[in-house]
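# Structural features, examined
Now for the letters of each chain:
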Protein chains: 2
Amino acid sequence: MYIGIDLGGTNIALGLVDEKLDIVKKKKLAIIQGSSYEEIVHVMAKECKEIREGIEISGIGIGIPGIVDSDSQKVIFCDNLGWTNVDISKDLKNILGDDIYIANDADCALYAESLKGSAVGFKNVILFTLGTGVGSSVLLNGKIFLGGDKRGIELGHMTVNYEGENCSCGYRGCLEAYASATALIRETSESDAKTVFDQEDGKYKEAIDRYYKYLAVGIRNGILAYRPGLVIIGGGISKQGDKMVVRLRDEVKKIEMYFGNETAEIKIAALGNDAGIIGAAAMYRDNN
Amino acid sequence: MYIGIDLGGTNIALGLVDEKLDIVKKKKLAIIQGSSYEEIVHVMAKECKEIREGIEISGIGIGIPGIVDSDSQKVIFCDNLGWTNVDISKDLKNILGDDIYIANDADCALYAESLKGSAVGFKNVILFTLGTGVGSSVLLNGKIFLGGDKRGIELGHMTVNYEGENCSCGYRGCLEAYASATALIRETSESDAKTVFDQEDGKYKEAIDRYYKYLAVGIRNGILAYRPGLVIIGGGISKQGDKMVVRLRDEVKKIEMYFGNETAEIKIAALGNDAGIIGAAAMYRDNN
């Protein structure tokens, strides 16, 4: 048995996960705004103790919403939580005594999808998670690709429209500035992306058309860089489901480059919010 | 001893290459415009016979300016030469009797740079070749990365400015539409890129500033996708040398994303035009 923790910018989700990667128990709690690093570590430790009560666990995996150095197992940078260079593995182990493995949250999600979700049977896959930001993860030859320096890749900040919109990273024209929920909210002044999609045939037709066009450009760029067999869409916006897949296939087809074979398939992530917990547990299991 | 052939859109360069990957003899000839596939194969066979006269060779490597399916060893698509789905390995072997290995030309160049050029000592590298178009190749963990379907990657056609210039691929806003010699010629109406660079402090200051800005965006995107330790610039435009490296480092620094460590180094390719011949020979040597 393992504990998988999906640490978000505003929530902590954790679960007890068995050898088959089924979640046998889970819990979600809000992070109190303005919490310090120490406070969050303390809350995580308390919740781990509670969920494992009376149960033997092998270790704990944590998905981090930021840049993780896979080799040193440190969090390099985590914008949402205001963390820089924190050693959460060590700090949590000091309290709990358990071995811990940390990984980027999108990498956890794709790893879970590759083991028991939409990516089963595929060896080369790109995941885009569409939410407040645009997360990404890449599977190459069956393994999560961590980039040359083992700090992960960031396709959400690829420039797709250099002379365009400002991005949260301080730069301009990133995919995230067009394909995140935040981008749709900016474009329409609605309070959430769902409201915008609800009127995609009405007053927000243009905004949604533009959204798909840019997301397709991001997919094109990912395909040119990795030539995967599959592209998965996850995150809150992926609740648009099949309708979204049909639109995206169409838009990608319009702009794909000729390589003499079929373009990558496009699918919605299968595991939803559980992917983070399952993937974090699996990351611990398979790296220890 | 091997023969390495660097097939271009307008020239064929070939050389005899020894076990140390030194070129012991080489030749370059123009391709007569409008030559058919069969005519080019015939010329290549004739030149191979000539250059190897009296010398035992192990095999022949060819760098192809287009999309190669590494597994089937067929040329999928070669825009400059008007080729689609040709089996040049088989056709040339039928004439010469030698074993042949084909690979993309940028992959050959980067392979050569990694063995005895600018990339020695680096395991994760991106090469951009800046000429009529923008070629690219990626080394991951010491091996040429061929993408999930083994047909190579194409960073020159990543979209960097979606609402921008038309590209030769029929699409818009690709890196190639900004960072190729063709782009500089389009912008300035000069007949070659060198003339434009010669006046980079004068009437073409703005065009060159824009050129570097966009090339830096392409480098940013490559870094986000692969996190390499090194980016190499090759192709005709790389003759700008150190001056170019200084400008590019500067521009990339302005727009780099924070990963808590040093950005990739930037260097000019060391082997110049010989990279194609050496790399093609090395590709044969190391894949047979």
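Here, every reference points to the structure presented above.
Report on the accompanying structure. This is a predicted model, so every value here is computed, not measured.

### Looking at the nonpolar core
Membership of the largest hydrophobic core comes to 95 residues, with the highest contact counts inside it found for Tyr226(A) and Tyr226(B). Broken down by element, this core gets its largest block of residues, 12 residues, from helix 7 (residues 205-226) of chain B. When near neighbours in sequence (up to four residues on either side) are disregarded, Tyr226(B) contacts Phe145(A), Gly147(A), Gly148(A), Ile153(A), Ala225(A), Tyr226(A), Ile126(B), Val138(B), Leu140(B), Phe145(B), Ile153(B) and Leu155(B).

### Considerations on the side chain of Ser180(B)
Residue and element names in this part refer to chain B. With respect to the helices and strands, Ser180 occurs in the loop between helix 4 (176-179) and helix 5 (181-188). Residue Ser180 is classed as buried on the basis of its relative accessible area, which comes to 1%. Once residues lying within four places of it in the same chain are set aside, the contact partners of Ser180 are Gly131, Thr132, Gly133, Val134, Tyr211 and Ile237.

### Side note on the sheet that holds strand 7 (residues 83-86) of chain A
Residues and elements named next belong to chain A. Read across the sheet, three strands follow the order 5-6-7 without closing on themselves; strand pairing throughout is antiparallel. If you trace the sheet from one side to the other, it starts and ends with strand 5 (67-69) and strand 7, each paired once. In this sheet, adjacent strand axes meet at a mean angle of 15° when their direction is disregarded. Sheet topology places strand 5 next to strand 6 (residues 74-78); three bridges connect them, and they run antiparallel. Looking across to strand 6, one finds that Ile67 is bridged to Phe77.

### With respect to the pairing of strand 4 (residues 59-64) of chain A
Residues and elements named next belong to chain A. Burial within strand 4 is extensive, with six of its six residues counted as buried. Neither face of strand 4 is open: one carries Gly59, Gly61 and Gly63, the other Ile60, Ile62 and Ile64, and all of them are buried. Direction of pairing for strand 1 (residues 2-7) relative to strand 4: parallel, over a ladder of five bridges. Residue pairing for strand 4: Ile5 is matched across the bridge by Ile62. With five bridges connecting them, strand 4 and strand 8 (residues 100-104) associate as parallel partners. If you follow Ile60 over to strand 8, its bridge partner there is Ile100.

### As for the pattern of salt bridges
When the charged atoms of two side chains lie near each other, side chains of opposite charge can form a pair. Within the structure shown, the criterion is met by 41 salt bridges over all chains. Put simply, Glu200(A) and Lys243(A) hold a salt bridge, and the shortest N to O gap is 2.7 Å. Of this pair, Glu200(A) sits in the loop between helix 6 (193-198) and helix 7 (205-226) while Lys243(A) sits in helix 8 (residues 242-255), placing them 43 residues apart in sequence. When its relative accessible area of 41% is taken as the criterion, Lys243(A) is described as partly exposed. Through salt bridges with shared partners, a single network forms among Glu163(A), Glu165(B), Arg186(B), Glu187(B) and Arg210(B).

### What about the relation of the copies chain A and chain B?
Once chain A is rotated about the relating axis by 180° and shifted along it by 0.0 Å, it coincides with chain B to within an RMSD of 0.0 Å. Those values place the two copies in the arrangement expected of a two-fold rotation axis. Looking at chain A, 100% of its interface residues are interface residues in chain B too, so the copies touch through the same face.

### Thoughts on the packing of helix 7 of chain A against helix 8 of chain A
Relative orientation and spacing of two packed helices are given, respectively, by the angle between their axes and the distance between those axes. All names here are of chain A. Following both chains from N to C, one finds helix 7 and helix 8 inclined at 60°, their axes separated by 8 Å at the closest point. Classified by the interaxial angle, the pair formed by helix 7 and helix 8 is oblique. Seen from above, helix 7 lies across helix 8 with right-handed handedness. Each of Ile208, Asp209, Tyr211, Tyr212, Lys213, Leu215, Ala216, Val217, Ile219, Arg220 and Ile223 in helix 7 lies in contact with helix 8, whose residues at this interface are Met244, Arg247, Leu248, Glu251, Val252, Lys254 and Ile255. Here the contact of helix 7 with helix 8 is built from residues that sort into 12 nonpolar, no polar and six charged.

### Section: the interface of chain A and chain B
Taken together, the contacts link 41 residues of chain A with 41 residues of chain B. Both sides together, the interface formed by chain A and chain B hides about 3,600 Å², and carbon and sulfur atoms give 57% of it. At the boundary of chain A with chain B, the tally comes to three salt bridges. Taking the shortest distance from any N to any O, the salt bridge between Asp149(A) and Arg227(B) comes out at 2.8 Å. For the side of chain A that touches chain B, the elements supplying multiple residues, two or more each, are strand 6 and helix 7 of chain A. It is helix 7 of chain A that provides the largest number of residues to the side of chain A that touches chain B, a total of nine residues. Partitioned by chemical class, the residues of the side of chain A that touches chain B number 22 nonpolar, 11 polar and eight charged.

Definitions and cut-offs
Residues numbered from 1 in each chain as written. Chains lettered and ligands numbered in written order. Predicted model: local features only at pLDDT ≥ 70, side-chain atom pairs only at ≥ 80, totals over all residues. Heavy atoms only, no water. Core = buried A, V, L, I, M, F, W, Y, C linked by side-chain atoms within 4.5 Å. Buried < 20%, exposed > 50% of the residue type's maximum accessible area, 1.4 Å probe, protein only. Helix = DSSP H or I, 4+ residues; strand = E, 2+ residues; numbered from the N terminus. Contact = heavy atoms within 4.5 Å. Pairing = 2+ DSSP bridges. Axes fitted to C-alpha atoms, helices over the stretch in contact; angles between N-to-C directions. Salt bridge = Lys/Arg side-chain N within 4 Å of Asp/Glu carboxyl O. Least-squares fit on C-alpha atoms with pLDDT ≥ 70 in both. Parallel < 35°, antiparallel > 145°, perpendicular 65-115°, else oblique. Left-handed = near helix turned anticlockwise from the far one by under 90°. Nonpolar A, V, L, I, M, F, W, Y, C, P; charged D, E, K, R; others polar. Buried area = accessible area lost by both parts, 1.4 Å probe.

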